[in-house]
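Architecture at a glance
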Amino acid sequence: MIKGVNFLKVQNEIQSMIGDIRRAKKMTQEELGHIVSLETKSISDIETNRRKASALTLIKILYALDIDIKKVLGIK
């Protein structure tokens, strides 16, 4: 465990950012879902924190959005 990191809080923050990042990249929920093999509804639920994504799913989504997970987690 990384000292001082509240992973649930980080997960909520990441999931809340996904929609903004996806829209900034002009990508639809359907397109993102296709890339990471999830239904559009699942992407919506993740973005709005109605569903908790697994660590693997979050990594896939961040990779699909070309986001450096180290930066998201504040790791150098």
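Keep in mind that this is a model prediction, so the values were computed, not measured.

Focus: the overall build of the protein
In terms of regular secondary structure, the protein is built from five helices and zero strands. Mapped in sequence order, the helices and strands of the protein form the string α-α-α-α-α. Since a compact globule built from 76 residues should have a radius of gyration of about 11 Å, the 12 Å found for the protein is in line with a globular shape. Taken over the C-alpha atoms alone, the protein extends approximately 35 × 25 × 20 Å along its principal axes. Going through the 76 residues of the protein one by one, you find that 34% of them count as buried. Once local pairs closer than 6 in sequence are excluded, the contacts in the protein between residues at least 24 apart make up 62%.

Examining the side chain of Ser-42
The topology assignment puts Ser-42 in helix H3 (residues 40–47). Residue classification places Ser-42 among the buried residues on the basis of a relative accessible area of 14%. Only 2.6 Å separates the side chain of Ser-42 from the side chain of Arg-51, close enough to count as a polar contact.

Observations regarding the pattern of salt bridges
Inspection of the entire model under this criterion finds four salt bridges. For the salt bridge of Lys-41 with Asp-45, the shortest nitrogen-to-oxygen distance reads 2.9 Å. One end of the pair is Lys-41 and the other is Asp-45, both in helix H3 and four residues apart, which spans about a single turn. Overall, the relative accessible area of 56% leaves Lys-41 in the exposed class. Its salt-bridge partner being Arg-50, residue Asp-45 comes within 3.0 Å of it at the nearest N-O pair. For Asp-45, a relative accessible area of 13% gives the class buried.

Observations regarding the confidence of the model for the protein
Averaged over every residue, the pLDDT of the protein is 89; residues scoring 70 or more account for 92%. Taken element by element, the protein is modelled with least confidence in helix H5 (residues 69–73), mean pLDDT 76, and with most confidence in helix H2 (residues 29–36), mean pLDDT 98.

With respect to the nonpolar core
Formed by 15 residues in total, the largest nonpolar core has its most connected members in Ile-18, Leu-32, Ile-61 and Leu-65. The set of elements that each furnish at least two residues to this core consists of helix H1 (7–24), H2, H3 and helix H4 (55–64). For this core, the leading source of residues is H1, giving four residues. When residues no more than four places from it in sequence are discounted, the contact partners of Leu-32 are Ile-18, Arg-22, Met-27, Ile-43, Ile-61, Ala-64 and Leu-65.

About the thresholds
Residues numbered from 1 in each chain as written. Predicted model: local features only at pLDDT ≥ 70, side-chain atom pairs only at ≥ 80, totals over all residues. Heavy atoms only, no water. Helix = DSSP H or I, 4+ residues; strand = E, 2+ residues; numbered from the N terminus. Rg over C-alpha atoms; globule rule 2.2 N^0.38 Å. Buried < 20%, exposed > 50% of the residue type's maximum accessible area, 1.4 Å probe, protein only. Contact = heavy atoms within 4.5 Å. Polar contact = N/O pair within 3.5 Å; in protein donor to acceptor, adjacent residues only side chain to side chain. Salt bridge = Lys/Arg side-chain N within 4 Å of Asp/Glu carboxyl O. pLDDT = per-residue confidence, 0-100. Core = buried A, V, L, I, M, F, W, Y, C linked by side-chain atoms within 4.5 Å.

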